[in-house]
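# Fold and geometry: a report
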Amino acid sequence: MAEPVVPEVPPASWTEKPSVVDFSYVGIDAILEQMRRKAMKQGFELNIMVVGQSGLGKSTLMNTLFKSKVSRKSVMGTGEERIPKTIEIKSVSHDIEEKGVRMKLTVIDTPGFGDQINNENCWQPIMKFINDQYEQYLQEEINIDRKKRIPDSRVHCCIYFIPPTGHSLRPLDVEFMRRLSKVVNIVPVIAKADTLTLEERDFFKKKIREDLRANGIDVYPQKEFDEDAEDRMINEKIREMIPFAVVGSDLEYQVNGRRLLGRKTKWGTIEVENIAHCEFAYLRDLLIRTHMQNIKDITSSIHYEMYRVRRLNENNTHANNVADHHLTSHEM
Amino acid sequence: MNIPLGRVYRLLSSNSLAPVKRQPQDTIPLMIPTSESKAQQKNLEGYVGFANLPNQVYRKSVKRGFEFTLMVVGESGLGKSTLINSLFLTDLYSSEYPGPSHRVKKTVQVEQSKVLVKEGGVQLLLTIVDTPGFGDAVDNSNCWQPVIDHIDSKFEDYLNSESRVNRRQMPDSRVQCCLYFIAPSGHGLKPLDIEFMKRLHEKVNIIPLIAKADTLTPEECQEFKKQIMREIQEHKIKIYEFPETDDEEENKLVKKIKDRLPLAVVGSNTIIEVDGKRVRGRQYPWGVAEVENSEHCDFTILRNMLIRTHMQDLKDVTNNVHYENYRSRKLAAVTYNGVDNNKNKSQLTKSPLAQMEEEKKEHVTKMKKMENEMEQVFEMKVKEKLQKLRDSEAELQRRHEQMKKNLEAQHKELEEKRRQHEEERNNWEAQQRLLEQQKLDSSRTLEKNKKKKIF
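The rules behind the values
- Residues numbered from 1 in each chain as written.
- Chains lettered and ligands numbered in written order.
- Predicted model: local features only at pLDDT ≥ 70, side-chain atom pairs only at ≥ 80, totals over all residues.
- Heavy atoms only, no water.
- Helix = DSSP H or I, 4+ residues; strand = E, 2+ residues; numbered from the N terminus.
- Contact = heavy atoms within 4.5 Å.
- Buried < 20%, exposed > 50% of the residue type's maximum accessible area, 1.4 Å probe, protein only.
- Areas by Shrake-Rupley, 256 points an atom, 1.4 Å probe, with all protein chains shown as cover.
- Phe/Tyr/Trp six-rings, centres within 6.5 Å; stacked < 30°, edge-to-face > 60°.
- Lys NZ or Arg CZ within 6 Å of the ring centre and 35° of its normal.
- pLDDT = per-residue confidence, 0-100.
- Buried area = accessible area lost by both parts, 1.4 Å probe.
- Salt bridge = Lys/Arg side-chain N within 4 Å of Asp/Glu carboxyl O.
- Pairing = 2+ DSSP bridges.
- Axes fitted to C-alpha atoms, helices over the stretch in contact; angles between N-to-C directions.
- Patch = residues over 30% accessible without salt bridge, like charges linked within 9 Å, V, L, I, M, F, W, Y side chains within 5 Å.
- Lys, Arg positive; Asp, Glu negative; His and termini not counted.
- Charge placed at Lys NZ, Arg CZ, Asp CG, Glu CD.

### Some remarks on the overall build of chain B
Helix and strand content of chain B: 11 helices and 9 strands. Taking contacts inside chain B between residues at least 6 apart in sequence as the whole, the part at least 24 apart equals 65%.

Right, dumping it as structure tokens:
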């Protein structure tokens, strides 16, 4: 288990002052405590986008991940489940709190993706949305009078739902992931994994990994962004497990005297958090407990910077006559 | 096998015979109708023996064997091959001959596989028509077209073989049933499903199935089924309807099936031990989903309906309704192009030879028409050329005239000038002469004066 970024309990040496003054101790590690206090005050922001055909359990999975009704359907009411004619982008924000840590979670839903008969260019509205968020952030950054804390609406992570056919990736999946792995972190998951037996699941995962490699699709965690050997080891283990086979549920059932989230069928109850049944726990750990900060870092330092470089180069070639002084100074 | 027997049985009962239970041959009595079909029940004096009739039909059908063509349609990965294997308890698709889903398809194709199944002395020639690549591409417009073409071509084959002179062998390869697999999303039908069913419900018996039904909990399954039926009614899609019968027992069964439409099925090729019993199922860490357990899924209902009770009815509906629709539409189109009514009548029973004659005549008329057209075009071109030539001739003529005129004008001018010139010369000469005269005169007078002076 990787360590969380910020230690939850300050080291014991902190609270008790040593009776003998220790000359070798300076106190630089106290900065961790200061960072922690600042983070608690500021709170975190996380923007997750869910993409996949309708009926794959996206909203349910979001509710399960954050153990509360955060999905679009819970907020806007179910009503008629009509498949929209074009892709829409709907985002819902929530402020959730746990143990004093506040988080502003935004779930961005894409109903209508891949549902039409002709799905050409269904990825374009999504790419446009992601680039628009980058643009918004860039504009704020370029401002002469900048805000102290720029509201971060960039998409940090995109969870792509693969339907559990059991055979291989479909052309639509390949096209979408190829284009979007260049602008955002993609985490592919196998939706509704209770359809597959364990052998079928292994076979399907192997096939998907082959397909991803064959098409040059780099999903999170990307190989090239591993910083050191320790990271690489952890990430290799994760890479052997993607895509995660998940099952979502927001209903609780009684199993062995405990109340657990699960799905009840006539032949057994599927426990969502049991790693022998499905890999939801791994996904949750990856996204929230261990790699959340890493995901945000990669988004801001790599994907956003790539976008910024491209945009500023465009600007420079367009406006060669006008002296963009403040732009060049910001490029430093 | 109660399929052929059932039919004959009903036929007999409609002839106002009292219902005859299927009994071995040597029991009496039988009831026979009187000569005027008055349902008088009479006791036979002895044993006649036509109670044996059902058995004869039965034996003949068994010898002949049965044929059935089944089409499976659905996106890849929905378990079609597995379900076929489970339904007929054979390995139609095995590791040596993998199912279409294991091969990647670029376009929609239609594939046929035949298998001969034998059970209890009865043999069934089963043809499975598969449609790999359906609904898998990014752009799925018209992915139903190959399917429609295949069904129509089978109908056409049958029509042609029916119209032939020698009808000894009539292989029936028409598609008698189409199992449409709906993905278990839990929400409703996809636009592709609706489009496909709307286009095919007039051509083939559609039986919608919910594939991979072990994804859904019982409540989700109920909701989903209700939603699908609602959408099917909303779009006026005519799925296969189970016929009502006179028999109470059968009606109850039929009603049970109708309540559970569309059937939620699970297929499996593996046999697992559960409580000491060997059953077909899927093994999960949380339990075993049994295929043949009617509480788990509707597979047994589908199998019973498809094979045990309604196979004959499916064939009949295909023959009487869908095929006749196709036939009347096709022949109406042909006769609409025909010339006169008398010919129409004979055209309905024409043989291939007459058809060829007609085609030859058509071809000849077409050629004649083309010839005429070409002649016309040629004439027109010739006229044009002539006209052009005449025009240029006139033009030349005009130029010639004009030049002549110019020449004459110049000529006249020249004459004018010469005249002028002559006049001037004459004047000048006259003047010169005058001057000379004057000179002479003046010199003479001078001389005269001189002479006068001297005197």
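### Considering the overall build of chain A
From N to C terminus, chain A includes 11 helices and 9 strands. Buried positions account for 48% of the 332 residues belonging to chain A. In chain A, the share of contacts with a sequence separation of at least 24, taken over all contacts with a separation of at least 6, comes to 67%. Accessible area for chain A stands at about 18,100 Å²; split by element, carbon and sulfur atoms hold 52% of it.

### Points about the packing of aromatic side chains
Following the criterion strictly, the structure yields 13 aromatic pairs over all chains and no others. Ring centres 5.9 Å apart and planes at 55° place the aromatic pair F155 of chain B and Y323 of chain B in the tilted group. With a gap of 168 residues between them, F155 of chain B in helix α4 (residues 145-163) and Y323 of chain B in helix α9 (residues 311-336) connect regions that are remote in the sequence. The pair formed by F155 of chain B and Y323 of chain B is uniform in burial state, with each residue classed as buried. Each ring, one from Y180 of chain B and one from F196 of chain B, has its centre 4.9 Å from the other, and the planes form 15°; the classification is stacked. Of this pair, Y180 of chain B sits in strand β4 (residues 177-182) while F196 of chain B sits in helix α5 (residues 191-200), and the two are 16 residues apart along the sequence. Take Y180 of chain B and F196 of chain B: they sit in the same class, and that class is buried. Through pairs of rings, three or more aromatic residues link up here, namely Y134, Y137, Y304 and Y307 of chain A. Sitting over the ring of Y137 of chain A, R154 of chain A keeps its end group 3.8 Å from the ring centre. A cation over an aromatic ring shows up here: R174 of chain B above the ring of Y158 of chain B, its NZ or CZ 3.7 Å from the ring centre.

### Thoughts on the side chain of H156 of chain A
Residue and element names in this part refer to chain A. As for its position among the elements, H156 is in the loop between α5 (124-142) and β4 (157-162). Residue classification places H156 among the buried residues on the basis of a relative accessible area of 1%. The contact partners of H156, leaving out residues within four places of it in the chain, are E45, L46, N47, V184, N185, I295, K296 and T299.

### Some words on the confidence of the model for chain A
Taken over all residues, the pLDDT of chain A has a mean of 80, while the share at 70 or more is 83%. Taking the mean pLDDT of every element in chain A, the minimum, 45, falls on helix α1 (residues 12-15) of chain A and the maximum, 92, on β4 of chain A.

### What to know about the interface of chain A and chain B
In this complex, chain A contributes 34 residues to the contact, which on the side of chain B involves 38 residues. Together, the buried faces of chain A and chain B total about 3,300 Å²; carbon and sulfur atoms form 57% of this surface. When the area that chain A buries against chain B is broken down by residue, the three leading residues are I117, H167 and W267 of chain A, summing to 25%. At the boundary of chain A with chain B, the tally comes to 2 salt bridges. Notably, a salt bridge pairs E220 of chain B with R263 of chain A, separated by 2.9 Å at the nearest N-O pair.

### Considering the pairing of strand β7 (residues 252-255) of chain A
Sheet faces and side chains relate simply in a regular strand, where the side chains alternate between the two faces. In this structure, β7 of chain A lies alongside strand β8 (residues 258-265) of chain A, joined through 4 bridges in antiparallel fashion. When the sheet's bridge partners are listed, Y253 of chain A is paired in β8 of chain A with L260 of chain A.

### Quick notes on the environment of L126 of chain B
Residues and elements named next belong to chain B. Summarising the element assignment, L126 is placed in strand β3 (residues 122-130). Classification of L126 by relative accessible area gives buried; the value is 1%. Expressed as a C-alpha distance, the spacing of L126 and K114, which sit 12 residues apart in the sequence, is 5.7 Å. Beyond its immediate sequence surroundings of up to four residues, L126 is in contact with F68, F88, S113, K114 and V115.

### Quick notes on the sheet that holds strand β9 (residues 268-271) of chain A
Residues and elements named next belong to chain A. The sheet built from 3 strands is open, its strands ordered β7-β8-β9 with antiparallel pairing. Strands at the two margins of the open sheet, each flanked by one partner only, are β7 and β9. Going from strand to strand, the sheet's axes swing by 65° on average, the running direction of each strand aside.

### Side note on the pairing of strand β7 (residues 271-274) of chain B
Residue and element names in this part refer to chain B. Burial of β7 is one-sided: the residues I272 and V274 facing one way are buried, the residues I271 and E273 facing the other way are not. Bridge count between β7 and strand β8 (residues 277-284): 4 bridges; the pairing is antiparallel. When the sheet's bridge partners are listed, I272 is paired in β8 with V279. Adjacent in sequence and paired antiparallel, β7 and β8 are bridged by 2 residues, among which D275 carries a positive phi angle near 55°.

### Notes on a positive patch on the surface
Positive charge collects at one region of the surface, where K38, K41, R102, K148 and R149 of chain A lie side by side. Residue position: R149 of chain A is located in the loop between α5 and β4.

### Looking at the side chain of T197 of chain A
Mapped onto the secondary structure, T197 of chain A falls in the loop between β5 (185-190) and α7 (198-214). The contact partners of T197 of chain A, leaving out residues within four places of it in the chain, are R282, Q283 and Y284 of chain B.

### A look at unusual backbone geometry
Keep in mind that most residues, glycine aside, have a negative phi and that most peptide bonds are trans. Here the amide bond leading from I242 of chain A into P243 of chain A is cis, since omega sits at -5°, within 30 degrees of zero. Relative to the elements of secondary structure, P243 of chain A occurs in the loop between α8 (229-241) and β6 (244-245). With omega at -15°, the peptide bond leading from L261 of chain B into P262 of chain B counts as cis. Along the polypeptide, P262 of chain B turns up in the loop between α7 (248-259) and β6 (263-264). At K192 of chain A, a position not held by glycine, the phi torsion is positive, near 45°. Along the chain, the position of K192 of chain A falls in the loop between β5 and α7. Judged by its relative accessible area of 18%, K192 of chain A falls in the buried class.

### A few points about a nonpolar patch on the surface
All names here are of chain B. The grouping of F378, V382, L386 and L389 at the surface amounts to a nonpolar patch, some 410 Å² of accessible area in total. Mapping L389 onto the fold places it in helix α11 (residues 352-454). Residue class for L389 comes out exposed when judged on its relative accessible area of 54%.

### Structural notes on the sheet that holds strand β2 (residues 90-98) of chain A
All names here are of chain A. Across the sheet, which stays open at both edges, the 6 strands sit in the order β2-β3-β1-β4-β5-β6 with mixed pairing between neighbours. Each end of this open sheet is capped by a strand with a single partner; those strands are β2 and β6. Pairing between β4 and β5: 6 bridges, direction parallel. Note on β5: the bridge partner recorded for C157 is N185.

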